[in-house]
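# Tertiary structure, described
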Amino acid sequence: DVCTSGFAEDLDKSSFKSPADYVLATAKGKCEAVVAELPSARDDGRCDVVLCADTVVTIDGEVLEKPTDADHAKTMLKRLAGRCHE
């Protein structure tokens, strides 16, 4: 099954040493939120496996968050076009 975490993606980016640290903390928060919703034991004796991930794009050292609307998305894409970004 695919589950969404409900994790509020509002961590303060400036409190992390790098974008990688920020995205790792976000993925960990999502994972912990999903695990907290799982039943503590399964009737069939099987274990649940939870895979969590997050992705960010950075350019010029700035983390670009999800665009707020279509115009914001276009602006972001124009900024990224033809340039190296992570």
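Further up the page is the structure itself.
Our subject in this report is the structure included herewith. (Residues numbered from 1 in each chain as written. Predicted model: local features only at pLDDT ≥ 70, side-chain atom pairs only at ≥ 80, totals over all residues. Heavy atoms only, no water.)

### A short note on the layout of surface pockets
Taken as a whole, the largest pocket holds about 340 Å³ of empty space. Lining of the largest pocket is provided by 14 residues; of these, Asp1, Cys3, Val34, Val49 and Val50 occupy positions nearest its centre. One number sums up the size of the second largest pocket: a volume of about 220 Å³. For the lining of the second largest pocket, the element with the highest residue contribution is helix 2 (residues 70–80), accounting for four residues. Partitioned by chemical class, the residues of the lining of the second largest pocket number nine nonpolar, one polar and four charged. (1 Å grid on protein atoms, 1.4 Å probe; cavity = no way out; pocket = protein on both sides within 12 Å on 5 of 7 lines; lining within 4 Å. Points joined across faces, edges and corners; volume = space filled by probe spheres on them. Helix = DSSP H or I, 4+ residues; strand = E, 2+ residues; numbered from the N terminus. Nonpolar A, V, L, I, M, F, W, Y, C, P; charged D, E, K, R; others polar.)

### Some points on the side chain of lysine 30
You can see lysine 30 is positioned in helix 1 (residues 19–37). Excluding its chain neighbours within four sequence positions, the residues that come into contact with lysine 30 are Ser5, Phe7, Glu9, Cys52, Ala53 and Asp54. (Contact = heavy atoms within 4.5 Å.)

### Details of helix 1
For helix 1, with 19 residues, the first-to-last C-alpha span of 28 Å sits near the 27 Å given by 1.5 Å per residue. Within the sequence span of helix 1, burial applies to Tyr22, Val23, Thr26, Ala27, Gly29, Lys30 and Val34. Viewed end-on, helix 1 has its buried residues packed into an arc of 155 degrees, placing them on one side of the element. Along helix 1, the residues that are exposed and aim more than 90 degrees away from the buried face are Ala20, Leu24, Lys28 and Ala36. As for helix 1, its buried residues are in contact with strand 2 (62–64). (Expected span 1.5 Å × (residues − 1). Buried < 20%, exposed > 50% of the residue type's maximum accessible area, 1.4 Å probe, protein only. Arc of directions from axis to C-beta.)

### A few points about the pattern of salt bridges
Inspection of every chain in the model, using the stated rule, returns seven salt bridges. Among the salt bridges present, the one from glutamate 9 reaches lysine 66, with a minimum N-O distance of 3.3 Å. Within this pair, whereas glutamate 9 is found in the segment before helix 1, its partner lysine 66 is found in the loop between strand 2 and helix 2, the two being separated by 57 residues in sequence. Of the residues examined, glutamate 9 reaches a relative accessible area of 34% and is grouped as partly exposed. (Salt bridge = Lys/Arg side-chain N within 4 Å of Asp/Glu carboxyl O.)

Scope: geometric values only; no functional claims are made or implied.
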